[in-house]
Amino acid sequence: MLIGQNTFAELGFPGRLIAVEGLDGSGKSTQIYLLKRWLELEGARVFFSEWNSSELVKSATSKGKKRELLTPTTFSLIHATDFADRYERQLVPLLRAGYIVLCDRYVYTAFARDVVRGCPSKWVRGNYNFACLPDLTFFFNAGLEVSLRRILDNRPELKYFEAGMDLKLSTDPYESFRIFQGRILEQYLAMSTEFNFVVVDANQPVETQQSIVRQIVGSRIDVSKYLAVKY
Amino acid sequence: MNSLFKQKRADHNIVVPSLSQRRFYGHGLPGVKLEALSGKLIAVEGADGSGRSTQITRLVEWLEGNGHATVQVGLKRSTLVSEELNKAQQGNILSRITISLFYATDFADQLENIILPALRSGFMVLADRYIYTLMVRDMVRGMDEAWVKNLYGIALEPDAVFYLNVSPEELVKRNFAKNHSLDYWESGMDLGLSRDMFDSFLKYQALMEHQFKRLQATYGFKIVDAHQSADAVNEVLRNEIESLLVR
């Protein structure tokens, strides 16, 4: 059994990890928030973790982004460092303690983004192979145009790396963002079968999507086994 | 006397190094033209107290005296993460995969922003430790060798790698003579080999030495007996580098 090719359940962890993936603007964060609320209200032991949020690594990442110091390689490595910190210090201990861990983005985000940035896929996947695969991964597919509209309609200030400006796809940040997101979507779709993503049509109303999510979680995970002890 | 004569002659007849056969160890970096890297990359490995910095200082002087431009790199010197990495180590709050990836980030940043540009400009790049120390540290900590090798597959193969080999017993003496104390990390205290720092230092350095020699089989670096005087060690290094430049 290889760690990077098996799920937490397959490796005998008592806890379960559920990940959501999708483009910016696909609505995945809303869906995982609602899933978290449901599980909490059911009384389950739940922990939520977000991509790029490790306190320690964050200052280096934001410095790198602000000063545009990052190359595709260091961009990839610094996000792997962030992930490893959360993985080793939070995710693994909690999964061993029998928690349901919810992740807003998991290794697939790196697999898609870093490869679009030109890093060799085998190198990126190899670097992340210390991590077990999620027990359940939802991919929110809103289609490129819808995702772009949700983000771009507000005419946000697009950040350099967020817009993929480092790839020199276009000098216009909005155009660059479109091309970049399109390529990431291609990568996600290519991984969908390989990693058994549960693909959710994210063009549906929030409630419709959430009931699908809850139904699938309920059928795959016996939530009653994860109830928190009341003191 | 002989070296003085050579030195004089070099002033008028500066050797232009021949092009190296370049390769990355693994997947490498996207978009790098290897044939454009006309400088030389020389790495010096060895524990604290093995004389690395002394040797590098002398090599720099010698190379510059012979008309070669030099640049130095080393661990934890990147603009990107050196500050954070130092902070994390002081608090000792990172787990091993995280530390490992953090160091790899530090290395990659220097590789792309210092080493490669310098080699492109025809500089002699002297690395005060390269990937081998990092790999050996990880392996001593029980990390998967294939994982470590994949990670450092971004590294460029140097033109020469010297491992300054000093026995753990001698290293202790040198460290005490210099600082009157042993470093927490150089003693491998995070490994829990012994609660006694002196004991842990000896055990840890022996493990490091063992892994270095194991890696030597794969990476073929030159093991230099650094129990000798600094002069004698430098002589060995200069001879090797000299033959590298005219090759």
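Just so it is clear, the structure is predicted and the values come from calculations on it, not from any experiment.

A. Fine view of the overall build of chain A. Check the secondary structure of chain A and you find 8 helices and 5 strands. The order of helices and strands in chain A, counted from the N terminus, is β-α-β-α-α-β-α-α-β-α-α-β-α. Over its C-alpha atoms chain A spans a radius of gyration of 18 Å, differing by no more than 12% from the 17 Å that the globule rule assigns to 231 residues. Expressed along its principal axes, the backbone C-alpha trace of chain A runs to roughly 55 × 35 × 35 Å. Counting the 231 residues in chain A, one finds 45% classified as buried. The long-range share in chain A, meaning contacts at least 24 apart out of those at least 6 apart in sequence, stands at 78%.

B. Summary view of helix α2 (residues 55–66) of chain A. End to end, α2 of chain A covers 17 Å across 12 residues, agreeing with the expected 16 Å (1.5 Å per residue, within 8%). Every buried residue of α2 of chain A is listed here: Val57, Ala60, Thr61 and Gly64 of chain A. Down the axis of α2 of chain A, the smallest arc covering the buried residues is 100 degrees, so these residues share one side. Projecting away from the buried face of α2 of chain A at angles above 90 degrees are the exposed residues Glu55, Ser62 and Lys66 of chain A. Lining the buried residues of α2 of chain A we find α3 (72–96) of chain A together with α3 (82–91) of chain B.

C. Summary view of the nonpolar core. Residues and elements named next belong to chain B. With 124 residues, the main nonpolar core has Val125 and Ala127 as its most contacted residues. When residues of this core are assigned to their parent elements, the largest contribution, 13 residues, is made by helix α4 (residues 96–120). In contact with Val125, other than residues within four places in its own chain, are Gly39, Leu41, Ile42, Val71, Val73, Ile115, Ala118 and Leu119.

D. Representation of the sheet that holds strand β5 (residues 198–201) of chain A within the structure. Residue and element names in this part refer to chain A. As summarised here, the arrangement of the 5 strands in space is β2-β3-β1-β4-β5, forming an open sheet in which the pairing is parallel. Taken across any chain shown, the strands that pair with only one partner, and hence form the sheet edges, are β2 (46–50) and β5. Pairs of neighbouring strands in the sheet enclose a mean axial angle of 20 degrees, with direction left out of account. As paired strands, strand β1 (residues 16–22) and strand β4 (residues 136–141) are joined by 5 bridges and run parallel to one another. Residue pairing for β4: Glu21 is matched across the bridge by Phe139. Sheet contacts for helix α1 (residues 28–41): β1, β2, β3 (100–104) and β4; angle to β3, the most-contacted strand, approximately 165 degrees.

E. Just the interface of chain A and chain B, in detail. Of the residues lining the interface, 26 residues belong to chain A; the matching set on chain B comes to 25 residues. Counting residues per element, the side of chain A that touches chain B draws most heavily on α3 of chain A, at 11 residues. Of the residues belonging to the side of chain A that touches chain B, the class tally is 12 nonpolar, 10 polar and 4 charged.

F. Structural view of unusual backbone geometry. Residues and elements named next belong to chain A. Despite not being glycine, Glu68 has its phi angle at roughly 50 degrees, a positive value. Structurally, Glu68 is set in the loop between α2 and α3. Notably, Asn196 is not glycine yet its phi reads approximately 55 degrees, a positive angle. Inspection of the secondary structure assignment puts Asn196 in the loop between α7 (173–192) and β5.

G. Region of the structure containing the packing of helix α4 (residues 107–116) of chain A against α7 of chain A. Residues and elements named next belong to chain A. Two elements in contact, α4 and α7, have axes whose closest approach is 9 Å; the angle formed by their N-to-C orientations is 130 degrees. Between α4 and α7, the interaxial angle falls into the category oblique. In terms of crossing hand, the pair formed by α4 and α7 is right-handed. Across from Tyr108, Phe111, Ala112, Arg113, Val115 and Val116 in α4, the residues of α7 making contact are Phe180, Arg183, Ile184, Gln187, Tyr188 and Met191. The class makeup of the residues in the contact of α4 with α7 is 9 nonpolar, 1 polar and 2 charged.

H. Here's a closer look at the packing of helix α7 (residues 168–179) of chain B against helix α8 (residues 197–219) of chain B. All names here are of chain B. It is at 9 Å that the axes of α7 and α8 come closest, and there the two elements cross at 125 degrees. On the basis of their axis angle, the class for α7 and α8 is oblique. Pair α7 / α8 crosses with right-handed handedness. Contacts between α7 and α8 involve Pro168, Leu171 and Val172 from the first element and Phe201, Leu202, Gln205 and Ala206 from the second.

Cut-off values and rules
- Residues numbered from 1 in each chain as written.
- Chains lettered and ligands numbered in written order.
- Predicted model: local features only at pLDDT ≥ 70, side-chain atom pairs only at ≥ 80, totals over all residues.
- Helix = DSSP H or I, 4+ residues; strand = E, 2+ residues; numbered from the N terminus.
- Rg over C-alpha atoms; globule rule 2.2 N^0.38 Å.
- Buried ≥ 20, exposed ≤ 12 C-beta atoms within 10 Å, placed from the backbone.
- Contact = placed C-beta atoms within 7 Å.
- Expected span 1.5 Å × (residues − 1).
- Arc of directions from axis to C-beta.
- Core = buried A, V, L, I, M, F, W, Y, C linked by C-beta atoms within 7 Å.
- Pairing = 2+ DSSP bridges.
- Axes fitted to C-alpha atoms, helices over the stretch in contact; angles between N-to-C directions.
- Nonpolar A, V, L, I, M, F, W, Y, C, P; charged D, E, K, R; others polar.
- Parallel < 35°, antiparallel > 145°, perpendicular 65-115°, else oblique.
- Left-handed = near helix turned anticlockwise from the far one by under 90°.

By themselves these figures say nothing about function.
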